[in-house]
Structure formats: C-alpha cells, structure tokens
Amino acid sequence: MMKKHTFSPPSPVESYFIEQSGFDFRYDPEEKIPIVQVNNFPRLGQLTALRFLEWVQSNPGGVVSLPTGKTPEYFIRFVEHYLKNWEQKDTQALLEKTGLDHANKPILKDLQFVQIDEFFPISPKQHNSFYDYVNKFYIDGFGISAERAQLIDATQIDFPQGKTFQEIFPDLVVDLNLRFDQPNSTIGRLQKAAIERVDEFCTDYEQRVREKGGIGFFLGGIGPDGHIAFNVRGSDYFSTTRLTPTNFETQAAAASDLGGIEVSKKRLVITIGLQTISYNPDATALIFAAGEAKAQIVAESVQSPPTNIHPGGALHSMPNARFYITSGAALFLDRRVVDEAKTVDTISEDVVDQHLITLSMRSDTPVRELTEAQIANKMVPAAVTARCKKSLPEIKDRILNKLEANLNRGLESRTDEVFFHTAPHHDDIMLGYLGHIAHLLREPSNEHHFAYLTSGFNAVTNEFVKEQFQQALNYMETNQFKRLKDENYFDADNMAAAQRDIYTYLDGVANHSTTHRFKGSSRRLIRNLLILLPEAALETLPEKMYELMDYLDSRYPGQKDEPLMQKLKGRIREWEADLVWGHFGSPIKNVHHLRLGFYKGDIFTEDPTMDRDVQPILEQLERIRPTIVTLALDPEASGPDTHYKVMQAIAAAIKMYTEKYPEADLKVWGYRNVWFKFQPTDANIFVPISLNSMAIMRETFKYCFQSQVDAPFPSYEYNGPFSELAQAIQVRQHWDMKKVMGRDFWYEHPHPRVRAAKGLVYLKEMELEEFYTRARELQKATESMG
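Residues numbered from 1 in each chain as written. Predicted model: local features only at pLDDT ≥ 70, side-chain atom pairs only at ≥ 80, totals over all residues. Heavy atoms only, no water.

All right, on to the side chain of S123 then. Residue placement: S123 occurs in the loop between strand 4 (117–120) and helix 5 (130–141). A residue is classified by how much of its surface remains accessible, and S123, at 14% relative accessible area, is buried. Sequence-distant contacts of S123, defined by excluding residues within four places in its chain, comprise S129 and F165. (Helix = DSSP H or I, 4+ residues; strand = E, 2+ residues; numbered from the N terminus. Buried < 20%, exposed > 50% of the residue type's maximum accessible area, 1.4 Å probe, protein only. Contact = heavy atoms within 4.5 Å.)

Right, let's get into the sheet that holds strand 7 (residues 268–271). Backbone hydrogen bonds are what pair the strands of a sheet, in a parallel or an antiparallel way. Across the sheet, three strands lie side by side as 4-7-6; this open sheet has antiparallel pairing. Edge strands, defined here as strands with exactly one partner in the open sheet, are strand 4 and strand 6 (242–244). Direction aside, the axes of adjacent strands within the sheet are offset by 25° on average. Alignment of strand 6 against strand 7, held across three bridges, turns out to be antiparallel. Following the sheet pairing, T244 is matched in strand 7 by V269. (Pairing = 2+ DSSP bridges. Axes fitted to C-alpha atoms, helices over the stretch in contact; angles between N-to-C directions.)

With respect to the helices, strands and loops of the structure, R595 is situated in the loop between strand 12 (591–593) and helix 24 (610–624). Here R595 is in contact with Y452, L453, T454, S455, R571 and E574, once residues within four sequence places are set aside. There is a polar contact of 2.8 Å between the side chain of R595 and the side chain of E574. (Polar contact = N/O pair within 3.5 Å; in protein donor to acceptor, adjacent residues only side chain to side chain.)

This next bit is on the nonpolar core. Ranked by size, the top nonpolar core spans 67 residues in total, and within it I617, I654, M737 and F771 carry the most contacts. Of the residues forming this core, the biggest block, eight residues, is contributed by helix 25 (residues 641–660). Apart from the residues within four sequence positions on either side, F771 is in contact with L631, M647, A651, I654, V668 and M766. Membership of the second largest hydrophobic core comes to 54 residues, among which are F165, I277, A314 and A330. (Core = buried A, V, L, I, M, F, W, Y, C linked by side-chain atoms within 4.5 Å.)

This part covers the pattern of salt bridges. When the charged atoms of two side chains lie near each other, side chains of opposite charge can form a pair. This structure, assessed with the given rule, holds 47 salt bridges. Residue D578 is joined to R524 by a salt bridge in which the shortest nitrogen-to-oxygen separation is 3.0 Å. Here the residue D578 occupies a position in helix 23 (residues 563–582), and R524 occupies one in helix 21 (residues 514–532), the gap between them amounting to 54 residues. In terms of burial, D578 and R524 fall into one category: buried. For E547, the salt bridge is made with K544, and the minimal N-O distance between the two is 3.4 Å. Placement of the pair is E547 and K544 together in helix 22 (residues 541–553), with a separation of three residues, close to one helical turn. Residue K544 is classed as partly exposed on the basis of its relative accessible area, which comes to 25%. Residues participating in the shared-partner salt-bridge network are E349, D350, D353, R398 and K402. (Salt bridge = Lys/Arg side-chain N within 4 Å of Asp/Glu carboxyl O.)

In this section: helix 11 (residues 295–303). The complete set of buried residues in helix 11 reads A295, I297, V298, A299, S301 and V302. In the core, the buried residues of helix 11 are packed alongside strand 1 (35–38), strand 8 (284–289) and strand 9 (321–326).

These figures come from the coordinates and say nothing about function on their own.
If you want it as structure tokens, here you go:
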C-alpha cells in the first residue's frame, strides 16, 4: 500500500540504548520500522525523555505533540528531573554517555505545542479532559508557552446562535448521522449546524498544523486495537483532523478516565489524523509501548504490511519513525527472540520449552507428536532447539513431565498452612484463583487471611452510590430498622452486628430475596456512614444522604471525589470483598482493608513509602505469621500502576519481616487475572477448574460485586463483567494444555478433578530470593532517576 522508504540511522541517544539492549535497530525484512528495545517501563520513560531533549536541542522552537494518559508517567518524570538537575554531575555524566550536548540545556518554552486529541463534547475545565492534562504537565509542568500552543478547546468553537455545546447537546450525546440527515426539529437542525461548526474547527486545526510545517516531534502510545492518537483500527492513512466515533476497545480503555463505559461509549473524539502525523516527512514520530499486554498489537503493527487495520503502518514510510518498546512488548517479534537465543551464553530450559509449547498450540499438534520438520520450518523453535544440548525426544519428555508436575502441584492438599492472600483491588483474588481457594478453604487446619491494599474507590460510579443511598433511605422507613436502632445495632464497634450484615445479605442470595440483600447492604452502608461521619446521628443521617446525593449530581463523570466520598466508595468495595469470603465462612476479622495511602485517585499514583505503606503490611505479617503470601504478579510494570506499586510495598515488607524473623518458612505465590496472562512456562502450579468452580465464581461475582456486575470499567478484550472474562481465560488455558498434552491425558486421567476440568488457573510459586529478584529489577529501574 505504501512505498518502502529508507530509515535514518539512530540518533546518539538511540544508539546508546540500542547498545545497552544488545538488539539490532531493525531486523529487515520482518520489521517494517526500526525499534529501540529496553528492559522495563521506567527505562522506557528514560529513553523517550532523553530522545525528546536531544530533538529539542537540535530543533529549538520546533513543533511537538506529546501524549496523554498513564504511559507518559516516566517520560514526564525524567524530563522534569533532567532539566531540574542539568548541572548535577550524575546528569552531566549521563548526558555525555548518551550523546547530548550538556552545555546546551534545552529550552522548552519556545516550542510550539499541538494537542493530539480530545474527547467531545467535554469541558476543558474537567480534570479528565486532555486539555487539562496538557496544561498541567506540558504547559505548566514543562514550561511550554501557552501562547504558542495549539489546543483543542470546545468552548472556543463558534457554535450557532452563540450557544454553548452544553445548550446544544444537553445530554452530551452527538449523533453524527445528522451530517447526512435533514432533521425536522429545531433542536435537530441546531445540532446539525453545530456539528458542521466542529467540522470547520477540525479543518482549520489541520490547516494551522500545516502552516507550521507539520509536526516535528510526535510521541504517542498505541491502543489495544492499535490506534495512534484516536485513529482507531481501520482508519485511513490519509486521514486528517476530524470529529469521529471510536470503537469498543478504545471506549473500554477510556472508561476509567470518563467515569465508566456508559459515558465513554457516548463520547466522540476530535483527533489529528494519520496524515497529520506524517505530513512533515522529516518528523521524528515515536510510538512507545510497555508490557506483554501490548505484545500482540506491537507485533502486528511492526511486522505486518501497511494496511488500514494497523494504524501504526502509516509510520512505515517515515524515515525518522520508531517504535520504543519494553521486553514484554517485544514478546512476539520473532527475529528479536531468535537473536537473543543465538547470543545468550546459555539458553534456559524454560525458553526452549515455551517455544515448543507455543508451536504445539499454534499447530494443533500435541508436543509428543511434534516432528523435526515442523520445528525446522519455524524460525523461533528452530533457533532455540539448535542451542539446546538435549535431543528432541528428551525435550518432549521434559516438557510433559514438567507440565504434569505443575498439574499435580495444583492438586496437592495443603494442610497446616497460614495464607496471607493480598490484592491491589477487591476483585483481584477471586478473578485470579478463586477455584483454588475454594478447595484450600475446605481444609480446617489451614488459616486464611485476605488483605486488600487499596481502597479501590475509582471503580464505583456515582450512579451506583446514589442507588445505594436510595435503598438505605427506604430501609430506614421500616420497623426492623427502628428496632435495630434501639438495640444499638449500628454502633461502630458492634462487630457482631457487622458480621450479621453479611449473613443477612447472603441469606437473601440463598432465598433469591432482593429484599433481604438490600437489607444487608443498607445496614452496612448506614454503619459506614456513621463511622465516616462521627458527628452525625441516625436521626440526621437521611438529611446527610440527600446532601451527598446532591453532591454526586453536581459532579461530572470521572471527576476526582472529595475525601469523604472516596472513603465511602472504598468502603462499598470493602463490603463487596467481605461478602465474597462470607460465602466461604471466613469471618470479617480475617479480611483486612489496609487502605494504603499511595492510592489517591490521581492520574499518576504515588510511589509507596516505608512508614505510610510498607509498615501496615509488615504489621499484618507479624500478627498473622503466614507460610504463604499471594500477590498480583506484574513483573514489568505495564498495567494498572497499583499492581506493581503494591508488589513493591509487599516485597519491602516481606524483606523486613524475614530479616526480623529469619526462621520464617515463607513462600510467595504470584497470580494474574484479567489484565495479564502467564505463559505456561512462567507458572509452576496448574489448578484444574471444573464447571462447578466456574459457576461459583460467576455467581459470587454477580451477587457480591454489585458495583461491577454491569461492567462499568470493562477490559478492552471483553464487553461484559470481569468474571466472564476470567472464565474465558481459564477455558483458553485448559484448551491450550489439551492441545499440548493431548486430549486423552485429560479425559483418561485417574483424578476426577482433572477429568472434570474445563479450565485451568496458572500460579507461580517462588522462593523468596526469586521473588526479590523480580521485584528488585523493577525497583532499580524506578529509582534510576539519575
């Protein structure tokens, strides 16, 4: 589709990072665009920051477009750090190593900024608008001149009759069919005219970019569907700035910014086009991506010929275009895998095994039946087996023996264990490995504690809270409420009554009684309000609830809440977690809500601190004395940032605990759920999951996580509740292992749980040193601000 171009050689900064990585700049012909690969997420931010500063040194006053969202976190932090510490010895030494002119400090105020995209309609005053983000981090933060910035501000569009977009689109829904219709109503004609004015704004915006000579430096992320800016899958390579709808993947990714999928699916976007990015043929155009979750879309964007279904292909013709990616995002770039296999001193068994397992899954051939010819015909399996000293039959036996051992480990009966199950968010544990916990809980000699480390308030919508208020207000009119009030049922220290809240709700689940469930949840909401409002009394609580409903009505979706509402939403999530373990008879004294302070609902989450965040975990470890600690394992820091920051806090707490109690016999289990998936060789515990276990997970999620049952913040992979996505992942993993190990292994296995399996849960058991190594690699990168 696009003619092939020669790419410019790497810049000095790029050359430094390429040398550090050990990989080539580009593996031709498979890779259609050059790549700079780094080990981890913070290192990615460092690379992009240094390359940006290098470009500014050579292009003072140039035209730049910089990204929004969470991916730029370390890019922003490193730029600010280097500019602030430009004269420091450590910074000067790094600048010299990377080829920057340390005598020429970049001046950012003279740059011309072009905003990449924006939701529409949205007020620029909203903190979740990209206009606000750009002003906060790039205009105010970097010091780029506001007068020289070209921004997308819907309030500056000259709408018909002098009206605002809020007056023209009162429900904030824009119907683009009006472009082609002849509306009969007055409001319809007004909206049609308004859309035409937005289209004129977009044309003018494009013209202004071109009058600048086009964008000189573009840095952007890549969406789950491959979108660049908001040019979603299927976008024309010759597209310009326009008002356009998005697709489900993009809407799901934006749901957390906009207050839920019901809001994001109604929002349109104004975005620069793919040709806007490529208009300046000499532009430096960088796409950065982190983590295994982006590996497939990165591989498609880099290795596929340019077609509209891969927006990244529009950059293939740009001499200065690059992809900057982490090792996780490079997972499916075959030539890089081969190159690494050929250059490492010793290739690990796990690497060989994983690629043969992948070949088995992709070819629908059991490992036992793989042939030398099949392996020789595939680049990566051929390369890794060539480095292996074992024969193919020996490798096959090893793979099958390991997989069977993993399965046997998942079937083991655990006795006399003390489990400390931890989670960043309140549904992480059950979505990760509820099917395994259900069996572990049946052994009375085991002790289980569940710790939720953040409040999770961002996952609760305003509409859900208002529904809870209304139910509680209705309950407060009943005779039962009045009787319980006289019994001091709602006293903050009445833990027996708090436990009864759970029993009442679960009785409603058992009896299919919505009334009973509402009783339980209303009692808990009333109790939580009294705890959070110590000056309030039961008699005045209805008035306070109405005030809070008015407060919620005054907020726009996605707006950061005041501390009181954050705490209340967090306690709603905590109530949901209490219900989960109430299903299995675990008392609330074994469910711990730590509410670590680094979680504040900001765009970039603070790093954990020792006193505020690590100490509460350490105190729990000392009190519980666990033998097994479980945690969400995100080794590359590429997903919800709470995951890896929680892991760092846990790692620090365990380190302190084992130093104080060196005799402690402690293991760590890592789990993943809907955000990340283990490769089979990454895990060493395979837990068979039956249809019965899947039904338990579905029903538990449905009745306990009422705030999530309508999937207000879905994964881009699935338009539905997380429980259904988790089940689909477990089914896929079992299906893969049926291919690898052969169907007969499963259907004729002597253990009934294996024969009954329709899904698999993967877990990673680690000795402490292995866990510390994983955590330490990320921590070193995060702390290498110099």
